[in-house]
Amino acid sequence: LETTYTITYFHNGSENYPFPLDLHSHTFYEINIITQGKGVQFQRERLGVKRGNVFILPPDITHGYCDATDDFNIFHLLISPSFLQRYHAELNAFPGYKMLFKTLSVIPHASLKDFAFYLNPKQMTEIEKIIDSLISLNQSKYKGKEVQRNALALYLIGRLCEYVYTPIKESVKT
């Protein structure tokens, strides 16, 4: 992962990616977006998840999925810490970035709910277009696809930052 910075794939209950997805952790950040179906994400507690749920998991957070419907589908964007370092200035320019990536990684005894937010149907439709572009790059033989994937990953992160930041900004106005 370190040499490529980001990796994308779907976990869809297929033979290659079956459910349940047992408890595990890793050394990279992971953005999980539920694109279809329902299931349960678990850590110390169980959290029902459905289309539109987004989880941004820092390194070393133990998590898994179970009780999935047949159509349960999770998009994963795996992000190396070096990606966040490389694009530090650009990412910090996004209002909401620190809320998603910095604050969550330092919450002691964090709950899964601390790592989650929900995309409304309009937001989900926009995010799925970005996801489709990211996934199509996996099949590309173009030598510049890693740069394109990193650019799309930055764009996706920027959109998620905006979606999580805007409701907070709006609530401060009232």
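How would you sum up the nonpolar core? Please name residues and give values.
If you look at the biggest cluster of nonpolar residues, it comprises 31 residues, and the most contacted ones within it are Ile31 and Phe101. Breaking this core down by element, the ones donating at least two residues are strand S3 (29-36), strand S6 (53-57), strand S8 (73-79), helix H1 (81-86), helix H3 (97-102), helix H4 (121-139) and helix H5 (145-173). Tallying contributions element by element places H5 first for this core, with eight residues. Not counting chain neighbours up to four residues away, the residues in contact with phenylalanine 101 comprise Tyr29, Ile31, Ile56, Ile79, Leu84 and Ile157. Residues Leu21, Ile34, Tyr65 and Phe72 belong to the second largest nonpolar core, which totals 10 residues.

Requested: an account of the side chain of serine 82, with residues and values cited.
Structurally, the position occupied by serine 82 is in helix H1. With relative accessibility at 16%, the residue serine 82 sits in the buried group. Among the polar contacts listed, one links the side chain of serine 82 to the side chain of serine 80, at a separation of 2.9 Å.

I'd like to hear about the packing of aromatic side chains, residue by residue, with values.
For the structure on display, the rule yields four aromatic pairs. Aromatic side chains phenylalanine 10 and phenylalanine 75 sit 5.7 Å apart centroid to centroid with 65 degrees between the ring planes, which places their arrangement in the edge-to-face category. Of this pair, phenylalanine 10 sits in strand S1 (residues 6-11) while phenylalanine 75 sits in strand S8; the two residues are 65 residues apart in sequence, bridging distant segments of the chain. Measuring from ring centre to ring centre gives 4.9 Å for phenylalanine 83 and tyrosine 87, while their planes differ by 55 degrees; the resulting arrangement is tilted. As far as burial versus exposure is concerned, phenylalanine 83 and tyrosine 87 are alike and both buried. An aromatic cluster is built from Phe19, Tyr65 and Phe72, whose rings are joined through pairwise contacts.

Can you break down unusual backbone geometry residue by residue, with the values?
In this structure, aspartate 60 is a non-glycine residue whose phi angle is positive, near 70 degrees. Examined against the element boundaries, aspartate 60 turns out to sit in the loop between S6 and strand S7 (63-66). With a relative accessible area of 57%, aspartate 60 lands in the exposed category.

Here is what the cut-offs are and how they apply
- Residues numbered from 1 in each chain as written.
- Predicted model: local features only at pLDDT ≥ 70, side-chain atom pairs only at ≥ 80, totals over all residues.
- Heavy atoms only, no water.
- Core = buried A, V, L, I, M, F, W, Y, C linked by side-chain atoms within 4.5 Å.
- Buried < 20%, exposed > 50% of the residue type's maximum accessible area, 1.4 Å probe, protein only.
- Helix = DSSP H or I, 4+ residues; strand = E, 2+ residues; numbered from the N terminus.
- Contact = heavy atoms within 4.5 Å.
- Polar contact = N/O pair within 3.5 Å; in protein donor to acceptor, adjacent residues only side chain to side chain.
- Phe/Tyr/Trp six-rings, centres within 6.5 Å; stacked < 30°, edge-to-face > 60°.

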